[in-house]
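A structural walkthrough
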Amino acid sequence: MLVDDEVRLADGIRRGLEAEGMVVDVAHNGADGLKLATNADYDVIILDVMMPQMSGYRVCQALRAEEIWTPVLFLTAKDGEWDEVEGLDTGGDDWLTKPFSYPVLVARLRALTRRQARERPTVLQAGDLRLDPAARQVFRGETQIQLTARELAVLDFMMRRTGEVVTKREIIANVWGDDFDGEENIVEVYVGHLRSKVDRPFSRDAIQTVRGTGYRLAGNGG
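Residues numbered from 1 in each chain as written. Predicted model: local features only at pLDDT ≥ 70, side-chain atom pairs only at ≥ 80, totals over all residues. Heavy atoms only, no water.

**Focus on the environment of V24**
Counting through the fold element by element, V24 comes out in the loop between α1 (7–19) and β2 (26–27). Residue V24 is classed as buried on the basis of its relative accessible area, which comes to 11%. If we ignore the near neighbours within four places in the chain, the residues touching V24 are L2, R14, L17 and E18. (Helix = DSSP H or I, 4+ residues; strand = E, 2+ residues; numbered from the N terminus. Buried < 20%, exposed > 50% of the residue type's maximum accessible area, 1.4 Å probe, protein only. Contact = heavy atoms within 4.5 Å.)

See the structure below:
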């Protein structure tokens, strides 16, 4: 589903995606988009941010509050880093700024559909480490831990694979997307940030390095 109040742009995107073999429903304001999304199953939802009646942020927030976990790609002219942070914090899965490369849009949609939405548990838990995906909150015992949107996304992925070894490439594909062309070492940076927030202050070692392979989140929370 595509929700964008720029009628000509939305029509162009719809025709292009249909040429790729996709079936596309279109809405031109947030309220109509929310109504469609709550009454039909979609593989992915494309949301503009600034729209009549309801912003894309509010639409995404409302969907997540209803436990509708369809992947959401924000497609918007807003290009500030805090705009992107807000989009991810309200439950978005990816962000693409207008003007955009059409092949990149298609690639990102394919990546999101490969990751297809699945029912998410109310709370992810490993020992006393808890992550609430809906509220986007993390706790050690009763202590709440403040994470950035990207840190939370990395931890979310690792907690869904608790006890398993995950590679840097898997983390990048699930957090940054398949079209990420930066260095894999970015994962080391974020793992370091997470350790400094969820492990070291509590004398824990939940996020373990598996040399030559990747990382593992200990099932007992460290």
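**Re the pattern of salt bridges**
Evaluation of the coordinates by the stated rule reveals 18 salt bridges. A salt bridge links D11 to R14, with the nearest nitrogen and oxygen atoms 2.5 Å apart. With D11 and R14 both in helix α1 and three residues apart, this pair spans about one turn of that helix. Looking at D11, the relative accessible area reads 30%, which means it is partly exposed. With a closest N to O distance of 3.3 Å, R108 and D94 form a salt bridge. Of this pair, R108 sits in helix α5 (residues 102–114) while D94 sits in strand β5 (residues 94–97); the two residues are 14 residues apart in sequence, bridging distant segments of the chain. Salt bridges linked by common partners bring D4, E6, D48 and K98 together as one network. (Salt bridge = Lys/Arg side-chain N within 4 Å of Asp/Glu carboxyl O.)

**Details of the nonpolar core**
If you look at the biggest cluster of nonpolar residues, it comprises 27 residues, and the most contacted ones within it are V138, V154, L155, M159, I171, W176 and L217. Sorting elements by how many residues they give to this core places helix α6 (residues 149–160) first, with six residues. Beyond its immediate stretch of four places on either side in the chain, V138 contacts L129, R130, L131, T143, Q144, I145, L147, L152 and L155. Ranked by size, the runner-up nonpolar core spans 19 residues in total, among them V3, Y57, V72 and F74. (Core = buried A, V, L, I, M, F, W, Y, C linked by side-chain atoms within 4.5 Å.)

**Re the domain arrangement of the protein chain**
Segmenting the protein chain into domains produces domain 1 (2–117) and domain 2 (124–217). Inter-centroid distance (C-alpha atoms) of domain 1 to domain 2 is 26 Å. Contacts between the two partners involve eleven residues from domain 1 and, on the opposite side, nine residues from domain 2. When the two sides are added together, the surface that domain 1 and domain 2 hide from each other amounts to roughly 850 Å², 45% of it contributed by carbon and sulfur. Linking domain 1 with domain 2 are zero residue pairs in polar contact (both at pLDDT 80 or more), by the criterion used here. Within the residue set of the side of domain 1 that touches domain 2, elements represented by two or more residues are α4 (81–89) and α5. Across the side of domain 1 that touches domain 2, the residue classes tally to five nonpolar, one polar and five charged. (Domains from an automatic or database assignment. Buried area = accessible area lost by both parts, 1.4 Å probe. Polar contact = N/O pair within 3.5 Å; in protein donor to acceptor, adjacent residues only side chain to side chain. Nonpolar A, V, L, I, M, F, W, Y, C, P; charged D, E, K, R; others polar.)

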